[in-house]
Amino acid sequence: MTLDKILEEIKKAETIVISAHESPDGDALGSCMAMKLILEQMGKKPTVIIPEYSRLFKFLPKIEEVKKDSEVEIYDLAISLDCANLSRLVGKEYFEKAKRTIVIDHHGSNNMYGDLNYVNPASPSCCEILAVIIEYFGINITKDIGTCIMTGIITDTGGFRHKSTNAETFEFAAELLRKGVDISGIYKKTLRTNTTANFLLTKKVMDRMEVLEDGKVTYTYITLEDEKEVKAEPGDHEGLVEIGRDIEGVEVSIFVRQTEENTYKISLRSGEYVNVSDVCLMFGGGGHPRAAGATIQGTLEEVKERILKEVEKAL
Ligand code: 5GP
Ligand code: MN
């Protein structure tokens, strides 16, 4: 059983590094911090490497101990969380050099790049997988571990709204609530709090939104210039892709964000039937059936045309 092997590797390792996908969201950060606390309970001293994250997540227990870079070159064990492939992993150089590697994830597009891979696409969040692992390992779920895990569950299920939310999600939430985890507070801090820059970007994204394909598709974008203008910080673009998706009749929402000259990150969301992970795979990206992304090179016009063409095909 993979979980027994994972436990064995953790027990053997003296130095452990933990990281997650770039532009880490609540699930990526929650998973890393939960894993850190779990390993500490097992007597380990893991290093979490995440150079940048939204300040909205400052409330996560021990997040101040996260490192921007590593002091160790070769770790006994590297653990990747919530990350479908190695190219998206923060600190991938440490993962590549590590003696043993473990991947724990819930992306259907995960390409199993670890020595040990525990991937469950049916799980709504990586944090929910960690909840299963904790139980298997016989670890005591403290309020702090619960806070980290609940952050991933809330953010990746959009506050228990997405179809991926299952009965176990609610059962686990009830268990954490009994342990004193402030579900309502985490909800408020992650989903109902916007930074000023996020608010200003929202205005731009709404102004520019085009409704296409008989109201089934929305398209919008932001440029580096826009982010500079509103003094955007890491994570300030989070949630902008949801705006189009929530309009009546819209099946696919397309949000394009410039990350460099001639480089654009696309985010797709769908409502009922379009598999946006498949659409993004066409561009070397991936994700989940209803939420996915990719990076495309070209001018903004070229990127728009290419992505619209694939979305039209998928409709
Ligand atoms: P977002 O649109 O919020 O950046 O990402 C939505 C989902 O797609 C997340 O689960 C994220 O991990 C995944 N995703 C986003 N961009 C990429 C990408 O370039 N490659 C892969 N494989 N997954 C991505
Ligand atoms: Mn996730």
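Residues numbered from 1 in each chain as written. Chains lettered and ligands numbered in written order. Predicted model: local features only at pLDDT ≥ 70, side-chain atom pairs only at ≥ 80, totals over all residues. Heavy atoms only, no water.

### Structural notes on the environment of Pro46
Phase 1: Looking at the secondary structure, you find Pro46 in the loop between helix 2 (26-41) and strand 2 (47-48).
Phase 2: Linking Pro46 and Arg88, residues 42 residues apart in sequence, is a C-alpha distance of 21 Å. (Helix = DSSP H or I, 4+ residues; strand = E, 2+ residues; numbered from the N terminus.)

### Quick word on the pattern of salt bridges
Phase 1: Applying the stated rule across the entire model yields 20 salt bridges.
Phase 2: One salt bridge connects Lys204 with Glu229, and the closest N-O pair in it is separated by 3.1 Å. Of the two residues, Lys204 is situated in helix 8 (residues 196-208) and Glu229 in helix 9 (residues 224-229); the sequence distance between them amounts to 25 residues.
Phase 3: Among the residues examined, Lys204 registers a relative accessible area of 17% and is labelled buried.
Phase 4: Its relative accessible area of 53% is what places Glu229 among the exposed residues.
Phase 5: With a closest N to O distance of 3.0 Å, Arg245 and Asp246 form a salt bridge. (Salt bridge = Lys/Arg side-chain N within 4 Å of Asp/Glu carboxyl O. Buried < 20%, exposed > 50% of the residue type's maximum accessible area, 1.4 Å probe, protein only.)

### Re the sheet that holds strand 4 (residues 100-105)
Phase 1: Here 5 strands make up an open sheet; going across it, the order is 2-1-3-4-5 and the pairing parallel. A strand with exactly one partner marks an edge of an open sheet, and here the two such strands are strand 2 and strand 5 (116-119).
Phase 2: Contacts from helix 2 reach strand 1 (16-20), strand 2, strand 3 (77-81) and strand 4 within the one sheet, and its direction differs from that of strand 1 by about 160°.
Phase 3: Along the sheet face, helix 4 (residues 126-137) touches strand 3, strand 4 and strand 5 and points at about 115° away from the line of strand 4. (Pairing = 2+ DSSP bridges. Contact = heavy atoms within 4.5 Å. Axes fitted to C-alpha atoms, helices over the stretch in contact; angles between N-to-C directions.)

### Comments concerning the coordination of the manganese ion (ligand 2)
Phase 1: Protein ligation of the manganese ion (ligand 2) involves Asp27 (OD), Asp82 (OD), His106 (NE2) and Asp156 (OD), the donor distances falling in the range 2.2 to 2.3 Å.
Phase 2: The sequence pattern describing where the donors of the manganese ion (ligand 2) fall on their chain is D-x54-D-x23-H-x49-D. Of this pair, Asp27 sits in helix 2 while Asp82 sits in the loop between strand 3 and helix 3 (92-97), placing them 55 residues apart in sequence. By the burial criterion, Asp27 is buried, and Asp82 matches it. (Donors = N, O, S within 2.8 Å, 3.2 Å for Na, K, Ca; no water.)

### As for the site of ligand 1
Phase 1: In the vicinity of ligand 1 there are 15 residues, among which Arg88, His107, Lys265, Ser267 and Arg269 approach most closely.
Phase 2: In the environment of ligand 1, a nitrogen atom lies 3.2 Å from a nitrogen or oxygen atom belonging to the side chain of Asn85.
Phase 3: Within the contact set of ligand 1, an oxygen atom lies 2.8 Å away from a side-chain nitrogen or oxygen of Arg269.
Phase 4: Against a free-state accessible area of 490 Å², the protein chains account for coverage of 87% of ligand 1.
Phase 5: Taken together, the elements giving at least two residues each to the shell around ligand 1 come down to strand 9 (263-270), strand 10 (286-288) and strand 11 (291-297).
Phase 6: In terms of residues, the shell around ligand 1 owes the most to one element, strand 11, which gives 4 residues.
Phase 7: Its residues assigned to classes, the shell around ligand 1 comprises 4 nonpolar, 8 polar and 3 charged. (Near = heavy atom within 4 Å. Polar contact = N/O pair within 3.5 Å; in protein donor to acceptor, adjacent residues only side chain to side chain. Areas by Shrake-Rupley, 256 points an atom, 1.4 Å probe, with all protein chains shown as cover. Nonpolar A, V, L, I, M, F, W, Y, C, P; charged D, E, K, R; others polar.)

### Focus on the domain arrangement of the protein chain
Phase 1: For the protein chain, the assigned domains are domain 1 (2-191) and domain 2 (196-314).
Phase 2: If you look at the interface, domain 1 gives 13 residues, while domain 2 gives 12 residues.
Phase 3: Together domain 1 and domain 2 conceal approximately 960 Å² of surface at their shared face, both sides included; 37% is due to carbon and sulfur atoms.
Phase 4: Interface area lost by domain 1 to domain 2 is led by Arg55, Ser109 and Lys163, which between them contribute 33%.
Phase 5: Linking domain 1 with domain 2 are 2 salt bridges.
Phase 6: Put simply, Glu272 and Lys163 hold a salt bridge, and the shortest N to O gap is 3.2 Å.
Phase 7: Seen at the junction of domain 1 and domain 2, the total is 4 residue pairs in polar contact (both at pLDDT 80 or more).
Phase 8: Across the side of domain 1 that touches domain 2, the residue classes break down as 1 nonpolar, 7 polar and 5 charged. (Domains from an automatic or database assignment. Buried area = accessible area lost by both parts, 1.4 Å probe.)

### Side note on the packing of helix 2 against helix 5 (residues 143-156)
Phase 1: Contact pair helix 2 / helix 5: the axes reach a minimum separation of 8 Å and the direction vectors enclose 160°. Between helix 2 and helix 5, the crossing angle belongs to the class labelled roughly antiparallel. Note that helix 2 runs across helix 5; the crossing there is left-handed. Only Asp144, Ile145, Cys148, Ile149, Thr151, Gly152, Thr155 and Asp156 of helix 5 make contact with helix 2, whose side of the interface consists of Gly26, Asp27, Gly30, Met33, Ala34, Leu37, Ile38 and Gln41.
Phase 2: Partitioned by chemical class, the residues of the contact of helix 2 with helix 5 number 7 nonpolar, 6 polar and 3 charged. (Parallel < 35°, antiparallel > 145°, perpendicular 65-115°, else oblique. Left-handed = near helix turned anticlockwise from the far one by under 90°.)

### Brief notes about the packing of aromatic side chains
Phase 1: By the definition in use, this model includes 4 aromatic pairs.
Phase 2: Note on Phe95 and Tyr113: the rings are 5.5 Å apart at their centroids and 55° apart in plane angle, and the pair reads as tilted. Of this pair, Phe95 sits in helix 3 while Tyr113 sits in the loop between strand 4 and strand 5, and the two are 18 residues apart along the sequence. Taken individually, Phe95 and Tyr113 each receive the classification buried, so the pair is uniform in this respect. (Phe/Tyr/Trp six-rings, centres within 6.5 Å; stacked < 30°, edge-to-face > 60°.)

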